[in-house]
Amino acid sequence: MIELIPAIDLIEGKCVRLTKGDYNQKTVYNDDPVEVARQFEQMGFNRLHVVDLDGAKSRHIVNDHVLRAITEQTRLVVDFGGGIKTQADIEKAFSAGAAMVTVGSIAVTQPQLFGDWLSRYGADRMILGADVRNGMISINGWKEDSTQELLPFLKHYVEQGVKNVLCTEISKDGTLAGPAIELYRQVMAAYPQLHLIASGGVSSTDDIFALEHAAIPAVVFGKAFYEGRIDVQKLKNG
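Predicted model only: the values in this text are computed from it and were never measured. (Residues numbered from 1 in each chain as written. Predicted model: local features only at pLDDT ≥ 70, side-chain atom pairs only at ≥ 80, totals over all residues. Heavy atoms only, no water.)

(A) Inspection of the overall build of the protein at higher detail. Scanning the protein from N- to C-terminus turns up eleven helices and twelve strands. Taking 238 residues into account, the globule formula puts the C-alpha radius of gyration at 18 Å, and the protein, at 16 Å, falls close to it. Looking at the protein as a whole, 58% of its 238 residues qualify as buried. Taking the contacts inside the protein whose residues are at least 6 apart along the sequence as the reference set, 65% of them involve residues at least 24 apart. (Helix = DSSP H or I, 4+ residues; strand = E, 2+ residues; numbered from the N terminus. Rg over C-alpha atoms; globule rule 2.2 N^0.38 Å. Buried < 20%, exposed > 50% of the residue type's maximum accessible area, 1.4 Å probe, protein only. Contact = heavy atoms within 4.5 Å.)

Structure representation (structure tokens):
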């Protein structure tokens, strides 16, 4: 079964969602992300994807106190991303209880540093963030497009031992327009060994089943859940 990973995106300590990464298109869903995390745990989820949007914008972790509260008050396995630019940021995330960290921009701008982190912390604790817009990798909170194409970018890191990749199609994120299934198929065809986490555009329970049918290993969803479009019981029953 596809791994189901609900998401909590943080701005000023609140649970929010953006549309296409635009900070001017923000919806606040809950002032208490810890309570949201507890609800996910009560529903039977094991994983949680937490994104520090303040951190992504300011280029250093901001909401580690929220991460700590979530990991202290639930048993969820949390991966944390947003604003991780230094080893100190990684240590801060791990000390706040993250089981894994998601790193994207540094893997583009400082590949040697990301490779060092991969060696230091191990492939099981590192998730490569591959945020895609028009086929190119985007960085720094999706504010900048790089010159790197997705598949060659992944190839470089698969050869270095990367196992986990979170791939977000930016044009679909927060739009409820449906996931970029064909993009994820291409990634899995090229690198079937990857634990690929699909992100962006999920609009319904059926979208998740479609990803599962396409043999995508995992999916992150946020807005669709908060807008009442995900039938958790139906997902659990398959």
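Next comes the rest of the account.
(B) Inspection of the packing of helix α4 (residues 87–95) against helix α6 (residues 111–121) at higher detail. Put simply, α4 and α6 touch, their axes get as near as 11 Å, and they point 35 degrees apart. The two elements α4 and α6 meet at a crossing, and its hand is right-handed. Residue-level inspection shows Q87, I90, E91 and F94 of α4 in contact with α6, the latter providing W117, R120 and Y121. When the residues that make up the contact of α4 with α6 are grouped by side-chain class, the tally is four nonpolar, one polar and two charged. (Axes fitted to C-alpha atoms, helices over the stretch in contact; angles between N-to-C directions. Left-handed = near helix turned anticlockwise from the far one by under 90°. Nonpolar A, V, L, I, M, F, W, Y, C, P; charged D, E, K, R; others polar.)

(C) Looking closely at unusual backbone geometry. Not every positive phi belongs to a glycine, and N134 is a case in point at roughly 55 degrees. Along the chain, the position of N134 falls in the loop between β7 (126–133) and β8 (136–139). For L176, which is not a glycine, the phi torsion comes out positive at approximately 60 degrees. Examined against the element boundaries, L176 turns out to sit in the loop between β10 (164–169) and α8 (181–190).

(D) A look at the confidence of the model for the protein. Confidence in the prediction of the protein, expressed as mean pLDDT, is 94, and 98% of residues score 70 or more. Per-residue pLDDT, averaged within each element of the protein, yields its smallest value for strand β9 (residues 144–149) (83) and its largest for helix α3 (residues 64–73) (98). (pLDDT = per-residue confidence, 0-100.)

(E) How the structure looks around the packing of aromatic side chains. Across all of its chains, the model carries nine aromatic pairs by this definition. Between F40 and F45, the aromatic rings sit 5.9 Å apart at their centres with planes inclined by 85 degrees, giving edge-to-face as the arrangement. Summarising the burial analysis for this pair, F40 and F45 share the class buried. An aromatic cluster is built from Y29, F40, F45, F221, F225 and Y226, whose rings are joined through pairwise contacts. Sitting over the face of the ring of Y23, K57 holds its NZ or CZ atom 4.6 Å from the ring centroid. Lying over the aromatic face of F45, K236 brings its terminal NZ or CZ to 4.5 Å of the ring centre. (Phe/Tyr/Trp six-rings, centres within 6.5 Å; stacked < 30°, edge-to-face > 60°. Lys NZ or Arg CZ within 6 Å of the ring centre and 35° of its normal.)

(F) Layout of α6. Within α6, the full set of buried residues consists of F114, G115, W117, L118 and Y121. The arc that holds the buried residues of α6, viewed along the axis, is 160 degrees, so those residues lie on one side. Exposed positions of α6 whose direction lies more than 90 degrees from the buried face are Q112, S119 and R120. Buried residues belonging to α6 abut α4, β6 (100–103), α5 (105–109), β7 and α7 (150–158). With its phi angle positive at about 95 degrees, G122 sits one or two positions after the end of α6. (Arc of directions from axis to C-beta.)

(G) Representation of the side chain of R47. Mapped onto the elements of the fold, R47 is located in strand β4 (residues 47–52). A relative accessible area of 9% means that R47 is categorised as buried. At 3.2 Å, the side chain of R47 forms a polar contact with the side chain of E3. A distance of 2.8 Å separates polar atoms of two side chains, one belonging to R47 and the other to D79. Every residue in contact with R47, bar those within four places of it in the chain, is listed here: E3, L4, I5, P6, L76, V77, D79, M100, I127 and I197. (Polar contact = N/O pair within 3.5 Å; in protein donor to acceptor, adjacent residues only side chain to side chain.)

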